[in-house]
Amino acid sequence: VNNGAAWLASNSDGTTTRLGVMQFVATNQNQITVPGTADFDSAVGTITFWMRTVGAVNANPGHEGAMIFDRRTGSGNVIVLHDNGKLFLQPTAAGIESAARVDDGNWRHVVITYYQNSPGSIAIYVDGLLDTNDDNADWWTWPVGQPIELGTSHDSYWRSFNGFLDDLRVYNRRLNLAEIGQVRSTGALVDTNALVLRLNFDAVPLGVAWN
């Protein structure tokens, strides 16, 4: 379901051009949601996407950060663009933050790999390189039936995202470094058996309006 995000045939940062992208405007609280399914509940997996920011994060309405990916209630995880320009994940209370900033207005490729059990770990890759790898402080799970929210959270504590997203994927296994490089450099699907969601936005999304 698309709530106001705009489709663009292409978008360029001057160096990288992405074809078929969705634009999110924070003040409009644009959001795309995908209904929850058991296919998303794997304890081991990978989330990948391209992102490009517009403007300062802390200029947007809300209390903290900008929501990119939300599938969290009492459990689950979020991918947030923090006010300091770094990526923040919250599979447990303490959370995990990237070393790299991704708020420079350029197209950046982000990959999150995870194994929810304890011992287990979660890793952040930025532009094909490992940025952060952190052992789980505790085990965590996905909330059953919870939808995936892109751009805006059901939790009004978080700011909405201002920028562009493209080629979001969810895999039910962890991709390795070589596969992550393939996804980034060629757009290869890598493993269609493990790919449980892909939103590539290559064509204009269908729209439905009702009273």
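Here the residue numbering is sequential within each chain, running from 1 through the sequence in written order. Local features are withheld for residues below a pLDDT of 70 in this predicted model, meaning they are given only at 70 or higher, and side-chain atom pairs are given and counted only at 80 or more; totals for whole chains, interfaces and linings count all residues. As a convention, hydrogens and water are excluded, and side-chain values are obtained from all of the structure's heavy atoms.

A. Examining the pattern of salt bridges more closely. Note on definitions: salt bridges are taken to be side-chain nitrogens of Lys or Arg within 4 Å of carboxyl oxygens of Asp or Glu. Counted under the stated rule, the structure contains 10 salt bridges. Close ionic contact of arginine 18 with aspartate 166 constitutes a salt bridge, the shortest N to O distance being 2.8 Å. Highlighted residues: arginine 18 in strand β3 (residues 17-24) and aspartate 166 in strand β15 (residues 163-171), separated in sequence by 148 residues. Measuring nitrogen to oxygen at the nearest pair gives 2.9 Å for the salt bridge that ties arginine 169 to aspartate 167. In terms of burial, arginine 169 and aspartate 167 fall into one category: buried. A run of H or I in DSSP counts as a helix once it spans at least four residues, and a run of E counts as a strand once it spans at least two, with each numbered from the N terminus. Burial classification: accessible surface area is computed with a 1.4 Å probe over protein chains only, and a residue below 20% of its type maximum counts as buried, one above 50% as exposed, and the rest as partly exposed.

B. Looking closely at the pairing of strand β9 (residues 96-101). One bridge is not enough; two strands pair if DSSP finds at least two bridges between them. Here strand β8 (residues 86-89) pairs with β9 via three bridges, running antiparallel. When the bridges of β9 are listed, phenylalanine 88 appears paired with glutamate 97. Connecting β8 to the antiparallel partner β9 that follows it, the hairpin turn spans six residues, and glycine 95 within it adopts a positive phi of roughly 80 degrees.

C. Up close: unusual backbone geometry. In this chain, serine 118 is followed by proline 119 through a cis amide linkage whose omega measures 10 degrees. Looking at where proline 119 falls in the secondary structure, it is placed in the loop between β10 (108-115) and β11 (121-126). In this structure, aspartate 167 is a non-glycine residue whose phi angle is positive, near 45 degrees. Looking at the element boundaries, aspartate 167 is found in strand β15. Non-glycine residue valine 190 carries a positive phi angle of around 70 degrees. Given the relative accessible area of 29%, valine 190 is considered partly exposed.

D. Inspection of empty space enclosed by the protein at higher detail. Cavities and pockets were defined on a 1 Å grid built over protein atoms only: a cavity is a set of grid points that admits a 1.4 Å probe from which the probe cannot escape, a pocket is an open set flanked by protein on both sides within 12 Å along at least five of seven lines, and lining residues are those with an atom within 4 Å of any such point. Grid points are joined across faces, edges and corners, and a volume is the space filled by probe spheres set on the points. Inspection of every chain in the model, using the stated rule, returns two cavities of 30 Å³ or more. Each pocket or cavity is described by its volume, and for the largest cavity that value is around 40 Å³. Polar here means any residue outside two lists: the nonpolar Ala, Val, Leu, Ile, Met, Phe, Trp, Tyr, Cys and Pro, and the charged Asp, Glu, Lys and Arg; Gly therefore counts as polar. Its residues placed into classes, the lining of the largest cavity shows seven nonpolar, no polar and one charged. As a volume, the second largest cavity reaches approximately 30 Å³.

E. Structural context of the environment of valine 54. When you line up the elements, valine 54 lands in the loop between β5 (44-53) and β6 (64-72). Looking at valine 54, the relative accessible area reads 35%, which means it is partly exposed. Counting along the chain gives 30 residues from valine 54 to phenylalanine 24, while the straight-line C-alpha distance between them is 9.5 Å. Contacts are assigned to residue pairs with any non-hydrogen atoms lying within 4.5 Å of each other. Aside from chain neighbours lying at most four places away, what touches valine 54 is Asn162, Gly163 and Phe164.

By themselves these figures say nothing about function.
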